[in-house]
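Summary of structural features
Now for the letters of each chain:
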Amino acid sequence: MKGVRAKMPRRPALKKPSPPGPKDPVGVYCRVRPLGRPDQECCIEVINESTVQIHPPDGYRIFRNGEYREMQYSFKEVFGTLVAQKELFDVVAKPLVEDLIRGKNGLLFTYGVTGSGKTHTMTGSPGDGGLLPRCLAMIFNSIGPFQAKRFVFKLDDKNGVDVQCEVDALLERQKRDAMPVPKTPSGKRQIDPEFADMINVQDHCKVEEVDEDNVYSVFVSYIEIYNNYIYDLLEETPFDLIKPKWNNCNTPVRNGDFIPPQSKILREDQNHNMYVTGCTEVEVKSTEEAFEVFWKGQKKRRIANTQLNRESSRSHGVFIIKLAQAPLDADGDNVLQEKEQITLSQLSLVDLAGSERTNRTKAEGNRLREAGNINQSLMTLRTCIEVLRENQMYGTNKMVPYRDSKLTHLFKNYFDGEGKVRMIVCVNPKAEDYEESLQVMRFAEMTQEVEVARPVDRPLCGLTPGRRFRNQAFREELAQKLEIRGGPISGETEEQSASEILLQNFPPLPSCELLDINDDQTLPKLTGVLEERHKLRQKLSEEFAKNVLTFKTILRELDSSVMSKENHFQGKLSEKEKVITGQKTELERLEKKIKTLEYKIEILEKTATIYEEDKRHLQQELESKSQKLQRQASDKRRLEARLQGMVAETTMKWEKECERRVAAKQLEMQNKLWVKDEKLKQLKAIVTEPKNEKPERPSRERDREKPIPRSVSPTPVPNAPPVRLRHRRSRSAGERWVDHKPPSNLPTDTVMQPHVPHAITVAAASEKALAKCDKYMLTHQELASDGEIETKLIKGDVFKTRGGGQAVQFTEIETLKQESPTGRKRRSSPSNADPPEDAADSEWTDVETRCSVAVEMRAGSALGPGYQHHAMPKRRKP
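What you see is a predicted model, and the numbers here were worked out from it, not measured in a lab. (Residues numbered from 1 in each chain as written. Predicted model: local features only at pLDDT ≥ 70, side-chain atom pairs only at ≥ 80, totals over all residues. Heavy atoms only, no water.)

Of regular secondary structure, the protein possesses 18 helices and 30 strands. Each of the 878 residues in the protein was classed as buried or not, and the buried ones make up 35%. Put simply, of all contacts in the protein between residues at least 6 apart along the chain, 72% involve residues at least 24 apart. As presented, the protein carries roughly 57,200 Å² of accessible surface, and 54% of it is formed by carbon and sulfur atoms. (Helix = DSSP H or I, 4+ residues; strand = E, 2+ residues; numbered from the N terminus. Buried < 20%, exposed > 50% of the residue type's maximum accessible area, 1.4 Å probe, protein only. Contact = heavy atoms within 4.5 Å. Areas by Shrake-Rupley, 256 points an atom, 1.4 Å probe, with all protein chains shown as cover.)

If you want it as structure tokens, here you go:
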């Protein structure tokens, strides 16, 4: 058994390579329900009997550019708001019922958003029955006189059917009547007034060509698919939708009467058809009985009140009608006891739950979960249709995901060619459902492109037709003879009964008993009667001969007329055959042309796809190149700006360096000139000085009071000992410093240089250096207004931040300024006047004084080059 089950899924794949038979597209119909209020905005309009037009409502922009576009969708037929249920049934469901009686399967389902009229279309309303009660009425109107008795057909648990003899069926009925369980509803009982008006169909529609030599039985079942689980709505177990009560301990109260419903499992039978195992299937004998069973399950179906529909279906309802039929035996009396001759066909009527958006229904909790499962199952149905369409149109062999949902898995055999498929798209024209209706229209348009294999006709049983009525005629005749004779008759043939009827028309024979040898009356009377009978027989023979001649003449005339008509029809038939042959030739030519054009179109489409792909790649490459060029241009602009800045900075630096060098060179030349001048003056003073006098050194107060005449060049200090460089001691010498000297600073070459002991000298501030010190000093140089270099020492405290980093708060600025001696006025000795008496002393004293000032570096001195030190404490922020 395991090996057989493992091979069963592969069997359909073996049938696919066989030559494909004729296919029919899925029949998709559209029904537009009327608006709830006359003042509602309508977004769907019926154009003609096969086209609807949908347009966006006011204030809605369907495209990004704000373009207002109307969309048209075509269907096999469109039913407007005024179409009656009977007209819809005659077009959509009636052909499915005819196929059901002929042994073929059918699937009819309604699709649409919540509140679009799907349940009304399927079930109907009081006084106006829907498709389901009309299908039941047509079935029983057609097979009513040919139904088998109960339990003649018996369904098994493997989606098959067995046939029983009359005795076994009788025993089964008696056994069922003796059981205490509720009996099957009878057609003679009073109809429930709740649905009596729905099944009161007055048109008495039925199938014209029903095989009268078969017997039929109808079985119905009703299931629902809720949250992707299958439940039997006809199950006799208590079915309570109310949640169990909870006690104080937050545990459910046990209820022995409450048995939760058990979900059913889908299986595949030996013919690869899907069925629900353990599903209740009730044998019904009338429309009323069948609809009563349906109504019983309908009360158990899950519905809820949402903002879109007061009684919104929360599950997919599937009502299955199975028709079992088997031929009568050769005598036309009993059912043929051969299982191979039994035909089981089914019609599935599906009322799908409506798709809905949760932001419109405001669903929460169970309603939200139900809406998610409904949308998921409908999305799976749409995916299966898309894959089927793609496989058929493009020749692909993608796997159709039937198993992703119980709904599609149950009906997969219909799409694989086991019956016709019809879909009714129900739409609500109100503006609030515009987006959902647009999605429904697109799905319906795609579904029409899917083709389903046409089911094959069932084989004939090979018995003589008309067996039932011949048996009935024989029984009626037998009953009449029994009434006439008052007892059973012998097995005479029909010719004997006709001769007896003919002899009854002759004169009765007299008594032929001879009681005496001298009886002269009996024989003459018998002779006269026989002569009369002979004459009557001759007359009948002559009349019969005349009738035979007349009948032969009529037959000859009829034969000649038939021959003439046959010749006429043969001529017409030959002409029609010629026309048909020509049309077939034209059709073949057109089909070849169509195939050629389709092949060319396919090649062009592939070429266009290749070109589009190349175009997209080139566009991407062009975009990448343009982006790369833009980046290069931006990098070039940044580099140019950086180079310009560097050039300007370098130019400024070299200009300052050149000015400093020129100034230093001028100072050096002036000092050399001043030294030579002083040497000459001293030599002159020595030559002109009297020998007995000593120069006296004037006091400093006197020098300060008396202006000292000075030469143009400053007085150098000849033969002065070299002075050791002195470093200015920092006031915070005991602390660790970070000495930040940028690489752009220029050396000043001055005697006094700032120096901080135990400092970490860096060219750029770093967190590592700041973490080791608690003081920070930045050396900054800038050009003063007089063209000299001004150095600023910016000091600050280093402290840690909350984020683990280092921060500097500046507290003090020291300014070091260098002044050139060429920038101030110098005293010069007059050339014309005679030197005073103390000229030599004054000049000598001037040199000594300036040397002492230069060595001591008195702040603020106006003599010679020097430094200015300004301590400007920075004001701390509060």
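Back to the write-up after that little detour.
Further remarks concern empty space enclosed by the protein. Tallied over the full model, the rule gives nine cavities of 30 Å³ or more. A volume near 90 Å³ is recorded for the largest cavity. Lining the largest cavity we find Leu 107, Phe 109, Val 350, Leu 352, Leu 381, Leu 407, Thr 408, Phe 411 and Phe 415. Tallied by class, the residues present in the lining of the largest cavity amount to eight nonpolar, one polar and no charged. (1 Å grid on protein atoms, 1.4 Å probe; cavity = no way out; pocket = protein on both sides within 12 Å on 5 of 7 lines; lining within 4 Å. Points joined across faces, edges and corners; volume = space filled by probe spheres on them. Nonpolar A, V, L, I, M, F, W, Y, C, P; charged D, E, K, R; others polar.)

Summarising the element assignment, Cys 30 is placed in strand E2 (residues 27–32). Overall, Cys 30 belongs to the buried group, its relative accessible area being 0%. Between the C-alpha atoms of Cys 30 and Met 423, which are 393 residues apart in sequence, the distance is 8.4 Å. In contact with Cys 30, other than residues within four places in its own chain, are Val 52, Phe 75, Glu 77, Val 78, Phe 79, Val 425, Val 427 and Met 441.

This part is about the sheet that holds strand E3 (residues 44–48). With respect to topology, three strands assemble into an open sheet ordered E3-E4-E5, the strand pairing being antiparallel. Since the sheet does not close on itself, it has two edges, and those belong to E3 and strand E5 (71–74), each with one partner. With direction set aside, neighbouring strand axes in the sheet form an average angle of 30 degrees. Here four bridges tie strand E4 (residues 51–54) to E5, and the two strands are oriented antiparallel to one another. (Pairing = 2+ DSSP bridges. Axes fitted to C-alpha atoms, helices over the stretch in contact; angles between N-to-C directions.)

In this structure, Lys 285 sits in the loop between strand E16 (282–284) and helix H7 (287–298). Here Ala 148 takes part through its backbone oxygen, which lies 2.5 Å from a polar atom of the side chain of Lys 285. Engagement of the side chain of Lys 285 in a polar contact is seen with the side chain of Glu 283, the distance being 3.1 Å. When neighbours within four sequence positions are excluded, Lys 285 is seen to be in contact with Phe 140, Gln 147, Ala 148, Lys 149, Arg 150, Tyr 216 and Ser 217. (Polar contact = N/O pair within 3.5 Å; in protein donor to acceptor, adjacent residues only side chain to side chain.)

What follows covers the packing of aromatic side chains. Tallying each qualifying case throughout the model produces nine aromatic pairs. Ring centres of Phe 291 and Phe 294 lie 5.3 Å apart, and the angle between their planes is 45 degrees; this geometry places the pair in the tilted category. You can see Phe 291 and its partner Phe 294 sitting in helix H7, three residues apart, about one turn around the helix. For the ring pair Phe 291 and Trp 295, a centre distance of 6.0 Å and an interplane angle of 25 degrees mean the geometry is stacked. In this pair, Phe 291 and Trp 295 are both assigned in helix H7, four residues apart and thus about one turn of the helix distant. Of the two residues examined, Phe 291 and Trp 295, each falls in the buried class. (Phe/Tyr/Trp six-rings, centres within 6.5 Å; stacked < 30°, edge-to-face > 60°.)

With respect to the element layout, Ala 453 can be found in strand E22 (residues 451–453). Residue Ala 453 is classed as partly exposed on the basis of its relative accessible area, which comes to 28%. Here the alpha-carbon distance between Ala 453 and Asp 24, two residues 429 residues apart in the chain, equals 6.3 Å. If we skip the residues at most four places from it in the chain, Ala 453 touches Pro 22, Lys 23, Gly 417 and Gly 419.

Next up on the list: the pattern of salt bridges. Counted under the stated rule, the structure contains 29 salt bridges. The shortest N-O distance in the salt bridge between Glu 235 and Lys 264 comes to 3.0 Å. Remark: Lys 264 occurs in the loop between strand E13 (229–232) and strand E14 (266–268) and Glu 235 occurs in the loop between E13 and E14; sequence separation between them is 29 residues. In terms of burial, Glu 235 and Lys 264 fall into one category: buried. (Salt bridge = Lys/Arg side-chain N within 4 Å of Asp/Glu carboxyl O.)

Following both chains from N to C, one finds helix H5 (residues 131–143) and H7 inclined at 150 degrees, their axes separated by 9 Å at the closest point. By the angle between their directions, the pair H5 and H7 is classed as roughly antiparallel. In this structure, H5 crosses over H7, and the sense of that crossing is right-handed. Two secondary-structure elements touch here, H5 through Leu 132, Pro 133, Leu 136, Ala 137 and Phe 140 and H7 through Thr 287, Ala 290, Phe 291 and Phe 294. (Parallel < 35°, antiparallel > 145°, perpendicular 65-115°, else oblique. Left-handed = near helix turned anticlockwise from the far one by under 90°.)

Pairing geometry for E3 and E4, over four bridges, is antiparallel. Along E4, the bridge assignment pairs Val 46 with Val 52. Two successive antiparallel strands, E3 and E4, enclose a turn made up of two residues.

Below, the discussion takes up the packing of helix H3 (residues 85–101) against H5. Taken N-terminus to C-terminus, the directions of H3 and H5 make an angle of 45 degrees; their axes are 9 Å apart at the nearest point. By the angle between their directions, the pair H3 and H5 is classed as oblique. Where H3 crosses over H5, the handedness of that crossing is right-handed. Seen from H3, the contacting residues are Gln 85, Lys 86, Leu 88, Phe 89, Ala 93, Lys 94, Val 97, Glu 98, Leu 100 and Ile 101; seen from H5, they are Leu 131, Arg 134, Cys 135, Met 138, Ile 139, Ser 142 and Ile 143.

Turning to the pairing of strand E27 (residues 775–783), a few remarks are in order. Sheet topology places strand E24 (residues 737–740) next to E27; four bridges connect them, and they run parallel. Note on E27: the bridge partner recorded for Val 738 is Tyr 776. When E27 meets strand E28 (residues 789–800), the two strands line up antiparallel, connected through nine bridges. The residue bridging Thr 779 from the neighbouring strand is Leu 793, located in E28. Linkage of E27 to E28, two consecutive antiparallel strands, is achieved through a turn of five residues, within which Gly 787 is found at a positive phi near 90 degrees.

This brings us to a nonpolar patch on the surface. A cluster of nonpolar residues, Phe 551, Leu 555, Leu 558 and Val 562, forms a patch on the protein surface that exposes about 370 Å² of accessible area. Tracing the chain through its elements places Leu 558 in helix H15 (residues 522–688). What makes Leu 558 partly exposed here is its relative accessible area of 48%. (Patch = residues over 30% accessible without salt bridge, like charges linked within 9 Å, V, L, I, M, F, W, Y side chains within 5 Å.)

With 72% of its residues at a pLDDT of at least 70, the protein reaches an overall mean of 77. Low pLDDT, under 50, characterises residues 487–499; the predicted model gives this stretch eight contacts beyond four residues in sequence or across chains. The low-confidence segment residues 824–878 (pLDDT under 50) makes 94 contacts with residues lying over four places distant or belonging to another chain. (pLDDT = per-residue confidence, 0-100.)

A word on H5. Since there are 3.6 residues in each turn of an α-helix, residues three or four apart along the chain are aligned in direction. The end-to-end C-alpha distance of H5 is 19 Å, a good match for the 18 Å that 13 residues give at a rise of 1.5 Å each. Counting buried residues along H5, twelve of its 13 residues qualify, which places the element largely inside the surrounding structure. Of all the residues in H5, the buried ones are Leu 131, Leu 132, Pro 133, Arg 134, Cys 135, Leu 136, Ala 137, Met 138, Ile 139, Phe 140, Ser 142 and Ile 143. (Expected span 1.5 Å × (residues − 1).)

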